[in-house]
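# Structural overview
Below, each chain spelled out in residue letters.
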Amino acid sequence: MKITISGSLGNIGKPLTAKLIASGHEVIVITSNNDRVEAIETLGAKAAVGSVSDAAFLKNAFTNADAVFAMTPPNLGGSDIIANTTAAGKALATAISEAGVKRVVMLSSIGADLPEGTGPIAGLYNIEKIYEGLENVSLTFLRAGFFYTNLYNDVPMIKGAGIIGSNYPSTAKIPFVHPEDIAAAVAEELQKTPSGKNIRYIVSDVRTPIDVAKVLGAAIAQPELPWIEFTDEQALGGMTQAGLPEEMAGLYTEMGSGLRSGKIQHDFLSNTIAVDGKIKLEDFAKEFAARF
């Protein structure tokens, strides 16, 4: 197959490209960074350098593709993030339609069934709705759990204050996912052609924040590491003081509130959907400790 993927060689794109090349497919990797071209070609893929917000560029990258993996950057533009993310989704959809692509896998998220109150996930809700209007396309919305790799953002807090936490409680049930499990699911889905529009959840483990504190704490020789629930105001202030732009910090605070209320994870948890990722929290803890 000829497959075009967006996402450059990030946490998902790199293992995905390697898997597809190993399976004998011809792969084009979209990147906005010229510096990534050599690494892409070293993997055996071709690079297409441009913006996921440029429909004309995307149409060219999608021409003659048997399948496309579409993902939008999570903090596109730094400001007007939801609008910019949605605009990129529109550009991708326009290019998919104009290039006549028949098979698309879109990276979405738990909580993308909700139009608001989910922080940055709201942009993915908008994009799912845009893609639902695509005709003659076999489409899978791949709704991913909360990335384990987001926990790396807590390293300064652990080192500086000896705690880990956020604005949701230690007892919340959180569906987590490892980027490599996402890559495996994307590779699998790209090689299928189901009819119509489909939703697949990809989750590696369902754990509570107290589990996270215990398992990561044990891995970094801090077995008493506590999980602290912050107020929304404390979470927002901590992120802005750490240098995160106020709009992005506000969206992450809103996402934490959605996890606290349970609405973001409700659709997944209420439907007893299979946890089909392989990499459990204990496995990720080893990676976390190596980078700590």
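Residues numbered from 1 in each chain as written. Predicted model: local features only at pLDDT ≥ 70, side-chain atom pairs only at ≥ 80, totals over all residues. Heavy atoms only, no water.

### Focus: the overall build of the protein
Across its full length, the protein holds twelve helices and twelve strands. Its C-alpha radius of gyration of 19 Å places the protein within 12% of the 19 Å reference for a compact globule of 292 residues. Each principal axis of the C-alpha distribution contributes one length, and for the protein these read about 55 × 40 × 35 Å. Sorting the 292 residues of the protein into buried and exposed places 50% on the buried side. For the protein, the share of sequence-separated contacts (at least 6 apart) that also reach a separation of at least 24 residues comes to 75%. (Helix = DSSP H or I, 4+ residues; strand = E, 2+ residues; numbered from the N terminus. Rg over C-alpha atoms; globule rule 2.2 N^0.38 Å. Buried < 20%, exposed > 50% of the residue type's maximum accessible area, 1.4 Å probe, protein only. Contact = heavy atoms within 4.5 Å.)

### Some details on the side chain of Asp 205
Residue placement: Asp 205 occurs in strand S11 (residues 205-207). A polar atom in the side chain of Asp 205 sits 3.0 Å from the side chain of Arg 207. (Polar contact = N/O pair within 3.5 Å; in protein donor to acceptor, adjacent residues only side chain to side chain.)

### Some thoughts on the pattern of salt bridges
Taken as a whole, this structure holds 14 salt bridges when the rule is applied. A salt bridge links Glu 189 to Arg 200; its shortest N-O distance comes to 2.9 Å. Of this pair, Glu 189 sits in helix H7 (residues 179-190) while Arg 200 sits in strand S10 (residues 197-202); the two residues are eleven residues apart in sequence, bridging distant segments of the chain. We note that Glu 189, like Arg 200, is buried. Between Asp 205 and Arg 207 there is a salt bridge whose closest N-O contact spans 3.0 Å. (Salt bridge = Lys/Arg side-chain N within 4 Å of Asp/Glu carboxyl O.)

### Focus: unusual backbone geometry
For Asp 80, which is not glycine, the phi dihedral falls at a positive 50 degrees. Summarising the element assignment, Asp 80 is placed in the loop between strand S4 (67-70) and helix H4 (81-99). For Asn 136, which is not a glycine, the phi torsion comes out positive at approximately 60 degrees. Its place among the elements puts Asn 136 in the loop between helix H5 (121-132) and strand S6 (138-144).

### Here we look at the environment of Phe 288
Counting through the fold element by element, Phe 288 comes out in helix H12 (residues 281-291). Sequence separation between Phe 288 and Ser 270 is 18 residues, and the spatial gap between their C-alpha atoms is 30 Å. The residues contacting Phe 288, other than those within four sequence positions of it, are Leu 151, Tyr 152, Val 155, Ile 158, Leu 216 and Ile 220.

### Notes on the environment of Glu 180
Positionally, Glu 180 belongs in helix H7. C-alpha separation for the pair Glu 180 and Ala 88, spaced 92 residues apart in sequence, amounts to 24 Å. When neighbours within four sequence positions are excluded, Glu 180 is seen to be in contact with Pro 15, Lys 19 and Ile 279.

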